[in-house]
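Report on the structure
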Amino acid sequence: MDSLDAIFKPKSVAIVGASRDPKAIGHQCVKNLIESGYKGKIYPVNPKADEIAGLKCYHSITEIPDEIDIALIVVPAKYVPSVAEECGKKGVKGLVIIASGFSEIGRKDLEDEVVNIARKYGMRVLGPNIVGILNNPLKANASFAPYLPYPGKAALISQSGALLIAMDARTWSDKVGISHMISIGNMADLNFGDLINYFNKDEDTEVISLYIEGVKDGRKFLNAAKNSKKPIVALKAGVSQRGAAAAASHTGSLAGSVKIYEAAFKQGHIVKAEDLDALFEETMALALQPPMRGDNLLIITNGGGVGVLATDAAEKYGVPIKDAPDDLKSLMRNHMPEFGSPKNPVDLTGMADRPNYEGAIKDGLKHPWVDGVVVLYCETSFTDPQNIAEGIYQAVKESGVNKPVAVSFVGGERSINAGSWLIEHGIPYYKSPNTAVRAMGALRIYGRYLEKTTTEFKPYEVNKDKVASIIEKVRADGRYTLTEPEAKEVFAAYGLPVPKGKVAKTADEAVEIAKAIGFPVVMKIVSPQIIHKSDAGGVKVNLKSEEEVKEAFEEIMENAIRYDPNAKIFGVYVQHMEPKGTETIIGSVNDVQFGPTVMFGLGGIFVEILKDVTFRIAPFSKDEALDMVKEIRGYGILKGARGEKPRDIEAIADAVSRLSQLVWDFRDTIKEVDANPVIVYEKGLSVVDARIILKTEKVTKVTPKPLDKCG
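For clarity, every value in this text was computed on a predicted model and none was experimentally measured. (Residues numbered from 1 in each chain as written. Predicted model: local features only at pLDDT ≥ 70, side-chain atom pairs only at ≥ 80, totals over all residues. Heavy atoms only, no water.)

Another aspect to go through is the packing of helix α3 (residues 80-90) against helix α4 (residues 108-120). Across the interface, α3 lies against α4 with an axial gap of 9 Å and an inter-helix angle of 5 degrees. The orientation of α3 relative to α4 falls into the category roughly parallel. In this structure, α3 uses Val80, Pro81, Ala84 and Glu85 to contact α4, whose residues at the interface are Leu110, Glu113, Val114, Ile117 and Lys120. Partitioned by chemical class, the residues of the contact of α3 with α4 number six nonpolar, no polar and three charged. (Axes fitted to C-alpha atoms, helices over the stretch in contact; angles between N-to-C directions. Helix = DSSP H or I, 4+ residues; strand = E, 2+ residues; numbered from the N terminus. Parallel < 35°, antiparallel > 145°, perpendicular 65-115°, else oblique. Contact = heavy atoms within 4.5 Å. Nonpolar A, V, L, I, M, F, W, Y, C, P; charged D, E, K, R; others polar.)

In this section: the side chain of Glu624. Secondary-structure assignment places Glu624 in helix α22 (residues 622-631). Beyond its immediate chain neighbours, meaning those up to four positions away, Glu624 contacts Gln267, Lys452, Thr454 and Arg616.

A word on the pattern of salt bridges. Summed over all chains, the structure comprises 45 salt bridges. In this structure, the salt-bridge partner of Arg448 is Asp295, at a minimum N-O distance of 3.2 Å. A residue pair is termed long-range when its members are at least 10 positions apart, and Arg448 in helix α16 (residues 433-451) and Asp295 in the loop between α10 (276-288) and β15 (297-301) qualify at 153 residues. Judged by relative accessible area, which is 33%, Arg448 ranks as partly exposed. Taking relative accessible area as the criterion, Asp295 reaches 33% and is therefore assigned partly exposed. Between Arg647 and Glu644 there is a salt bridge, with the nearest N and O atoms lying 3.3 Å from each other. On the accessibility criterion, Arg647 (15% relative accessible area) is buried. Given a relative accessible area of 46%, Glu644 falls into the partly exposed group. Each member of the salt-bridge network shares a partner with another, and the members are Lys266, Lys452, Arg616, Glu624, Asp627 and Glu631. (Salt bridge = Lys/Arg side-chain N within 4 Å of Asp/Glu carboxyl O. Buried < 20%, exposed > 50% of the residue type's maximum accessible area, 1.4 Å probe, protein only.)

Next up on the list: the packing of aromatic side chains. In total, this model carries 16 aromatic pairs according to the counting rule given. Ring centres 5.9 Å apart and planes at 65 degrees place the aromatic pair Tyr43 and Tyr58 in the edge-to-face group. Taken together, the residues Tyr43 in strand β2 (residues 41-45) and Tyr58 in the loop between β4 (55-56) and β5 (70-73) connect sequence positions 15 residues apart. One exposure class covers both Tyr43 and Tyr58, and it is buried. Here Tyr150 and Trp172 contribute two aromatic rings whose centre-to-centre distance is 5.3 Å and whose plane-to-plane angle is 90 degrees, an arrangement assigned as edge-to-face. (Phe/Tyr/Trp six-rings, centres within 6.5 Å; stacked < 30°, edge-to-face > 60°.)

This part takes up helix α2 (residues 25-35). Listed as buried for α2 are Gly26, His27, Cys29, Val30, Asn32 and Leu33. Positive backbone phi, approximately 95 degrees, marks Gly37, located one or two places after α2.

With that settled, the discussion passes to the nonpolar core. Core analysis: the biggest nonpolar cluster contains 76 residues, and Ile300, Tyr357, Ile392, Phe409 and Leu422 have the highest contact counts within it. For this core, the element with the most residues is α16, which contributes eight residues. If sequence neighbours within four positions are ignored, Leu422 has contacts with Ala389, Ile392, Val407, Phe409, Ile427 and Tyr429. By size, the runner-up hydrophobic cluster in this structure holds 58 residues, among which are Ile52, Ile157, Ile208 and Phe221. (Core = buried A, V, L, I, M, F, W, Y, C linked by side-chain atoms within 4.5 Å.)

Judged by which residues are buried, strand β8 (residues 132-135) turns out to be covered on both faces: Gly132 and Leu134 on one side and Ile133 and Asn135 on the other are all buried. Relative to strand β9 (residues 140-143), β8 runs antiparallel, the two sharing four bridges. From the neighbouring strand, Asn135 faces β9, where its bridge partner is Ala140. Adjacent in sequence and paired antiparallel, β8 and β9 are bridged by four residues, among which Lys139 carries a positive phi angle near 55 degrees. Both β8 and strand β11 (residues 178-183) contribute to a ladder of three bridges, which runs antiparallel. Residue pairing for β11: Leu134 is matched across the bridge by Met181. (Pairing = 2+ DSSP bridges.)

Strand order in the open sheet formed by seven strands is β9-β8-β11-β10-β12-β13-β14, with mixed pairing between adjacent strands. Among the strands making up the open sheet, the edge pair consists of β9 and β14 (270-272). When strand polarity is set aside, the average angle formed by the axes of neighbouring strands in this sheet is 20 degrees. The pairing of strand β10 (residues 151-158) with strand β12 (residues 207-212) spans five bridges and is classified as parallel. Directly across from Ala154, in β12, lies its bridge partner Val207.

This next bit is on the sheet that holds strand β17 (residues 372-378). Taken in spatial order, the five strands line up as β16-β15-β17-β18-β19 in an open sheet, and their pairing is parallel. Strands at the two margins of the open sheet, each flanked by one partner only, are β16 (346-347) and β19 (429-430). Here β15 pairs with β17 via four bridges, running parallel. Bridging across to β17, Ile300 finds its partner in Val375. In this fold α16 packs onto β15, β17, β18 (405-410) and β19, with an angle of close to 170 degrees to the strand it touches most, β18.

Among the structural elements, Val96 can be located in strand β6 (residues 94-97). Relative accessible area serves as the criterion here: at 0%, Val96 is assigned to the buried category. Separated by 345 residues in the primary sequence, Val96 and Gly441 place their C-alpha atoms 37 Å from one another. Residue contacts for Val96: discarding those within four places in its chain leaves Ile7, Ile70, Ala71, Leu72, Ile73, Leu126, Ile130, Gly132 and Ile133.

An ideal rise of 1.5 Å per residue puts 26 Å on 18 residues; helix α20 (residues 546-563) measures up with 26 Å between its terminal C-alpha atoms. Packed against the buried residues of α20 are β20 (501-504), α19 (507-517), β21 (521-526), β22 (539-543) and β23 (571-576). (Expected span 1.5 Å × (residues − 1).)

Overall, the predicted model of the protein reaches an average pLDDT of 93, with 95% of residues at or above 70. Per-residue pLDDT stays below 50 along residues 247-256; that stretch engages in 37 contacts with residues further than four places along the chain or on separate chains. Counted against residues more than four places away or in other chains, residues 706-711, with its pLDDT under 50, gives 22 contacts. (pLDDT = per-residue confidence, 0-100.)

As structure tokens, this is what we get:
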């Protein structure tokens, strides 16, 4: 038995804080459980009542003679710890804390106290600050939402309680089938990762749908998503600066960077919904239809206008329309008048009736070129939408293939009713061509995830001890920023190519270093206090002779002392000047929710102005790094544009993957990394400038972290 079965398959429910007042939440929870048809035992608990809603009321949960699976707690927050203690003594298995007034208003101490009590007794906690659980398989409305959602196979988990109540009503108007609706609230104990793991094994659930403001344990979330055998669709709120602030105040959790969540969604094979409408539309499609296993979408319509709208949408949502092969066109001609069009979209014309649709859909689905079909119908005076709907269903059924179909009927009440009939028979229906195509786009995204063969990350052979010793030396020096030579030593220890270079203490030493590594060279001041070296006159480039090196050394030292007389100067870094190539940037930030992440993008204006970068959560394989490189809008430049030869994309992927191991191995120590620019050539690359910033927390000894499973 799963440890969460008691919460999501309870045989008995106690409502602590049950009330005789019909307007009170404690009364609504009792009434909702009764009226929803729940067959388990219901125990109201209130020290001042003997009967509520026709049920015997107990003065304390400890008075109940039977076993209790879950307790719905609706008392004020200050009483929740004592109630949790009583529940623990009674042997309750799960606490569903509807009460608010915890971390969302700054009372994390109260929340922690409740969780500690629950752990002492082996109880799990859902909430606090939630609406409750709406469970269709058990007909159990263990919440203060007014009714159970439209029945179906999607588990919808929402961080917002108010939004969950609104979505509950909308499931009926949109006919989006739900197995469970769960309010997750502050996630003091159970979080998104726990619930994904549970519903991945639930026999009543085919798709997991999430409304997220912020996750508490990013690694657990990511691993749960990666291990899910069921599709997951998620809407991330709080992506704007003000939106993120609102999310934090609402839930007590931080809303992370949109780029990092996008990375988590990609690595976790989560379909990203762009808004609330898309969350519903895509949930329905993923619950009712198989994934789209190829890129060839066929559109069948009776109107040119809706066909054009669908074609535009297909381009937008990642399933661009292609010209159909000749043999498929020949088949389509059999189902239209002479003035119809067998091209893609297939225009059956306004004369089309059920036989035309039925034949075209059946032939289209059976054709090996076709991977998915969107059927569009504009209501006409001589056709019956219900008859068309039944023809679509019959065609899909008789085709005998496992390919996705989405339908849009554009019309009035008759079309809407026919669309509802289609949903009831397992075919997703939408009111506009755009939404039908967007749903098909989600099916294709999930299909691509299933087709993807990204290898698991395998650690590289690296010199961790050297990196640890460098970091210990920097901390012993009272610093949190590595010098450029130190940062490059770290990179080299992890196999990232860096130019030849060495720190010189004198002008003569600089000359000897330059002669050893070869001209031309670059020279840079090395000082923890001088971060912006160019501003201090601390950089000289393209030095081609011994005389130039000597002069540059003296000038750099004079400029540095003038810029900051108190600066601690370690010397001047003499580095081989690398030839011109394509500038890129590789970086890392240690995210509060997901830990170390890695960024890649083109350098210069692309990162400064266009912010053309992509992220992944570390560590990850070279395959994943290749996907990163291909995602940026400037990928065409790396492939070779306007006569330029292609750059070494394999070398980029190797460097990015290696950096992901570095920041994961030292995730308790390294805060940020910046390799900028990284110059990429036809063969190979070179990290020309590097910066590593450490965390400011005190660490007595730097120890590389073991590489455990981390998504």
